[in-house]
There are 2 protein chains.
Amino acid sequence: MTDTDNNSLPERKRGSGVKMVYDILRDEILDLVLPPGSPIDEVQLAERFKLSRTPIREALVRLAGEGLIDTLPNRSTMVSNIDFLNLHTFFEALVLMYRVTTRLAAQNHRPEDLPSIRGFHEDYAAAVQARDALAMIATNAAFHAAIAEAGRNPYFTGLFRRLLDEGRRILRLYYQSYEEQFPQRFVDEHAEIIAAIEARDVEAADRLGKAHAEQIVEQVQKLFTRNNKLDIDL
Amino acid sequence: MTDTDNNSLPERKRGSGVKMVYDILRDEILDLVLPPGSPIDEVQLAERFKLSRTPIREALVRLAGEGLIDTLPNRSTMVSNIDFLNLHTFFEALVLMYRVTTRLAAQNHRPEDLPSIRGFHEDYAAAVQARDALAMIATNAAFHAAIAEAGRNPYFTGLFRRLLDEGRRILRLYYQSYEEQFPQRFVDEHAEIIAAIEARDVEAADRLGKAHAEQIVEQVQKLFTRNNKLDIDL
DNA sequence: TGTATTTTATTTGTCGACAAGAAAAATACA
DNA sequence: TGTATTTTTCTTGTCGACAAATAAAATACA
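Only a predicted model underlies this, so the values are computations on that prediction, with no experimental measurement involved.

Q: How should the sheet that holds strand β1 (residues 39–40) of chain A be read in this particular structure?
A: Hydrogen bonds between backbone groups are what pair the strands of a sheet, and the pairing can be parallel or antiparallel. Residue and element names in this part refer to chain A. In space, the three strands of this open sheet follow the order β1-β3-β2, with antiparallel pairing throughout. The sheet is open, and its two edges are formed by β1 and β2 (69–70), each paired on a single side. Bridging between β1 and strand β3 (residues 77–79) involves two bridges; their strand directions are antiparallel. Pairing of Ile 40 across the sheet is with Thr 77, part of β3.

What follows is the structure, given as structure tokens:
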């Protein structure tokens, strides 16, 4: 577990302990600061956050409920692994949820939704421009989450957020392992999605959401099929 | 909060406290023994379960993560309300998930799945025969959950389970409020769904899943449109 | 030297206590 | 008598401690 002493602990209000720990750990898991499989030690976390173990444990229960960590009774907790053997289930759900949420946003959005969606789109474009992989991954997820919120179905939004989180971890792994790519194409696609939503073109939104998701799936699938050929001149 | 002293506490193994409390409270919420809006008092629960508050709190964190209870810092926790104003979002998600899970079961089921599915089907039929509303509601959910498991996509299964849980609460309310109905039609529909799954007829499964879900939605919608006309002979 | 057993150290699950924050009850005032 | 303020009670958030379970290290044995 990394020593990250850069998280200064603000003066805490009673009752905010659990949420603070949850938020920080969640971000660290999603950014792969805490990689899959890494152990979680309550005592060390208690020292790190300068809290007793009780709120640490409550934060961990929350994270476990979201599948981000795995716990068993009387055993060490650890950051949940990415189930590479069953990524096809993830892809299947992701594509359908991209379709559903984008479609519902076209149908149900309200005027107050669009500034937020556009804001995340701009953040995403800036991250691509700056070639900042972490920011790109996070703003992509935020952009699509805002679209899901505009669709106004909390059940789909909930599942989609979970998929986006898992997608963040997978993409982070991708960007750690391979040459970093910052395709302008995705920025353009986001713009097209926004236009379809604004126009309340439900079918276009669905189609664009599907195509976009399939591109992401394709990108991730490259992670597992890529042969690192040794380009050695003989 | 009802005094239910009928839950005898078995000799506990260390580490099983949280789960025991979680399981019991979850069942009570889903069966409307703990109705929506009812307060949750940690001290009383600690006395009831003969545990300290710490594992009670951990169980409550789990339940909160599943949306079954609502918590705010320094405030009383309560059983979450059913959002009647936005039931259309629930129906929307339910119908799609019935389709998806039934379809995937037709596609992906394995031989070992079918006995379990059939078992729950029989339990459901027995509950209908016995006119036992609680059992009927619970076995219906278990039947469809088993189908979702056979579909082998944990993301869809997760969302569907949550929807089935919420459906249990809604149906329990329905059966508490109105004349109880035990339609043989639903037993027959379950049998047709099983046949389609066995035959790996994906399109039939999808269609049957959809039709079945829409019937349930219709039944629940009757709860809110029904006029209790006074049938008085004048 | 490899394996089994025992001992030690560490981590987890729960306990009961303290205190902060909220709610309820009591008191004061117009 | 209604309202504002104060006091009391209750509930929640967290603390540090104890002990059970597990993991790691040490010892014994073939």
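More follows now that the structure is in view.
Q: What exactly am I supposed to notice about the protein's contact with DNA strand D here?
A: The environment of DNA strand D is made up of 25 residues, and the closest members are Arg14(A), Ser52(A), Arg53(B), Arg57(B) and Asn74(B). Close to the protein, within 4 Å, the atoms of DNA strand D are drawn from sugar and phosphate at a rate of 57%. At a separation of 3.2 Å, a sugar or linking oxygen of DNA strand D approaches a polar backbone atom of Gly15(A). Asn74(B) is positioned with one of its backbone polar atoms (N or O) 2.7 Å from a phosphate oxygen of DNA strand D. Of all the secondary structure elements, the ones that give two or more residues to the surface near DNA strand D are α1 (17–30) and α3 (53–65) of chain A together with α2 (42–49) and α3 (53–65) of chain B. Of all the elements, α3(A) adds the most residues to the surface near DNA strand D, at three residues.

Q: What should I look at first to understand the packing of helix α4 (residues 87–108) of chain B against helix α8 (residues 184–198) of chain B in this one?
A: For any two helices packed against each other, one specifies the inter-axial angle together with the distance between the axes. Residue and element names in this part refer to chain B. Following both chains from N to C, one finds α4 and α8 inclined at 40 degrees, their axes separated by 7 Å at the closest point. Judged by the inter-axis angle, α4 sits oblique to α8. On the side of α4, the interface is formed by Thr 102, Ala 105 and Ala 106, while α8 contributes Ile 193, Ala 196 and Ile 197. Looking at the contact of α4 with α8, its residues break down into five nonpolar, one polar and no charged.

Q: How should the packing of helix α6 (residues 133–151) of chain B against α8(B) be read in this particular structure?
A: All names here are of chain B. Where α6 contacts α8, the axes come no closer than 12 Å and their chain directions differ by 10 degrees. The orientation of α6 relative to α8 falls into the category roughly parallel. For the pair formed by α6 and α8, the contact residues are Asn 140, Phe 143, His 144 and Ile 147 on the first element and His 190, Ile 193, Ile 194 and Ile 197 on the second. Its residues placed into classes, the contact of α6 with α8 shows five nonpolar, three polar and no charged.

Q: What is the right way to look at the interface of chain A and chain B in this model?
A: Interface size, as often reported, equals the accessible area lost upon joining of the parts. Between chain A and chain B, the contact holds 26 residues from the first and 26 residues from the second. Considering only the side of chain A, the residues that lose the most area to chain B are Glu58(A), Val61(A) and Tyr155(A), jointly responsible for 29% of the buried surface there. Linking chain A to chain B there are two salt bridges. Two residues, Glu58(B) and Arg57(A), come together in a salt bridge whose shortest N-O distance is 2.9 Å. Mapped by element, the contributors of at least two residues to the side of chain A that touches chain B are α3, α4 (87–108) and α7 (154–177) of chain A. It is α4(A) that provides the largest number of residues to the side of chain A that touches chain B, a total of nine residues. Its residues assigned to classes, the side of chain A that touches chain B comprises 13 nonpolar, six polar and seven charged.

Q: Looking at this structure, I do not really get the confidence of the model for chain A. What am I missing?
A: Caution applies to low-pLDDT parts of the model: their predicted coordinates are not meant to be read in detail. Counting all residues, the mean pLDDT for chain A is 89, and 89% of those residues have values of 70 or more. Ignoring residues within four places in sequence, the model shows residues 1–8 of chain A, a span with pLDDT below 50, making ten contacts including any to other chains.

Q: It is not clear to me how the protein's contact with DNA strand C should be interpreted in this structure. Could you clarify?
A: Near DNA strand C there are 25 residues, and of these Arg53(A), Arg57(A), Asn74(A), Arg14(B) and Ser52(B) occur at the shortest range. Atoms of DNA strand C within 4 Å of the protein: sugar and phosphate make up 56%, bases the balance. For the surface near DNA strand C, the secondary-structure elements that each account for two or more residues are α2 (42–49) and α3 of chain A together with α1 (17–30) and α3 of chain B. Per element, the largest residue contribution to the surface near DNA strand C is three residues, and it comes from α3(B). Each residue belonging to the surface near DNA strand C can be placed in one class, and the counts come to seven nonpolar, eight polar and ten charged.

Q: How do you make sense of the environment of Glu218(B) when you look at a structure like this?
A: In this structure, Glu218(B) sits in helix α9 (residues 202–225). In this structure the C-alpha to C-alpha distance between Glu218(B) and Phe91(B), which are 127 residues apart in sequence, comes to 9.5 Å.

Q: It is not clear to me how the nonpolar core should be interpreted in this structure. Could you clarify?
A: One broad rule of soluble globular proteins: the nonpolar side chains tend to lie buried together. Residues Met97(A), Phe156(A), Met97(B) and Phe156(B) are the most contacted members of the largest nonpolar core, which totals 78 residues. Setting aside residues up to four positions removed in sequence, Met97(B) forms contacts with Met97(A), Phe156(A), Phe156(B), Leu159(B), Phe160(B) and Leu163(B).

Q: When you look at the relation of the copies chain A and chain B in this model, what are you seeing that I'm missing?
A: The relation between the two chain copies is a rotation about an axis coupled with a shift along that axis. Once chain A has been moved 0.0 Å along the axis and rotated by 180 degrees, it coincides with chain B to within an RMSD of 0.0 Å. In the structure described here, the two chain copies are related by an operation that fits a two-fold rotation axis. Comparing interface residues between copies, 100% of those in chain A also sit at the interface in chain B, which points to an isologous, same-surface contact.

Q: Is there a simple way to explain α8(B) in this structure?
A: The α-helix advances 3.6 residues per turn, and as a result positions three or four apart in sequence lie on the same side. Here α8(B) spans 22 Å end to end across 15 residues, near enough to the 21 Å set by a 1.5 Å rise per residue. Inspection of α8(B) places Phe186(B), Val187(B), Glu189(B), His190(B), Ile193(B), Ile194(B), Ala196(B) and Ile197(B) among the buried residues, and these make up the whole buried set.

Q: Whenever I open this one, the layout of surface pockets confuses me. Can you help?
A: Considering only enclosed or pocket space, the second largest pocket measures out at about 460 Å³ in volume. What lines the second largest pocket is a set of 18 residues, and nearest its centre among them are Leu96(A), Arg99(A), Val100(A), Leu96(B) and Val100(B). Mapped by element, the contributors of at least two residues to the lining of the second largest pocket are α4 and α9 (202–225) of chain A together with α4 of chain B.

Q: How do you make sense of the packing of aromatic side chains when you look at a structure like this?
A: We describe a pair of aromatic rings using the distance from one ring centre to the other and the angle between the two ring planes. All chains considered together, the criterion is met by eight aromatic pairs over all chains. Between Tyr98(A) and Phe160(A), the aromatic rings sit 5.1 Å apart at their centres with planes inclined by 85 degrees, giving edge-to-face as the arrangement. Here Tyr98(A) is found in helix α4, whereas its partner Phe160(A) is found in helix α7, with 62 residues between them in sequence. Comparing Tyr98(A) with Phe160(A), the two get one shared label, buried. With centroids separated by 5.9 Å and ring planes inclined at 65 degrees, the aromatic side chains of Tyr155(A) and Phe90(B) adopt a geometry described as edge-to-face. With Tyr155(A) in helix α7 and Phe90(B) in helix α4, this residue pair bridges two chains. Among the aromatic side chains, those forming a connected cluster through ring pairs are Phe90(A), Phe91(A) and Tyr155(B). Over the ring of Tyr22(A) we find Arg62(A); its NZ or CZ atom is 3.7 Å from the centre of that ring.

Each value, and the rule that gives it
Residues numbered from 1 in each chain as written. Chains lettered and ligands numbered in written order. Predicted model: local features only at pLDDT ≥ 70, side-chain atom pairs only at ≥ 80, totals over all residues. Heavy atoms only, no water. Pairing = 2+ DSSP bridges. Helix = DSSP H or I, 4+ residues; strand = E, 2+ residues; numbered from the N terminus. Near = heavy atom within 4 Å. Polar contact = N/O pair within 3.5 Å; in protein donor to acceptor, adjacent residues only side chain to side chain. Axes fitted to C-alpha atoms, helices over the stretch in contact; angles between N-to-C directions. Parallel < 35°, antiparallel > 145°, perpendicular 65-115°, else oblique. Contact = heavy atoms within 4.5 Å. Nonpolar A, V, L, I, M, F, W, Y, C, P; charged D, E, K, R; others polar. Buried area = accessible area lost by both parts, 1.4 Å probe. Salt bridge = Lys/Arg side-chain N within 4 Å of Asp/Glu carboxyl O. pLDDT = per-residue confidence, 0-100. Core = buried A, V, L, I, M, F, W, Y, C linked by side-chain atoms within 4.5 Å. Buried < 20%, exposed > 50% of the residue type's maximum accessible area, 1.4 Å probe, protein only. Least-squares fit on C-alpha atoms with pLDDT ≥ 70 in both. Expected span 1.5 Å × (residues − 1). 1 Å grid on protein atoms, 1.4 Å probe; cavity = no way out; pocket = protein on both sides within 12 Å on 5 of 7 lines; lining within 4 Å. Points joined across faces, edges and corners; volume = space filled by probe spheres on them. Phe/Tyr/Trp six-rings, centres within 6.5 Å; stacked < 30°, edge-to-face > 60°. Lys NZ or Arg CZ within 6 Å of the ring centre and 35° of its normal.

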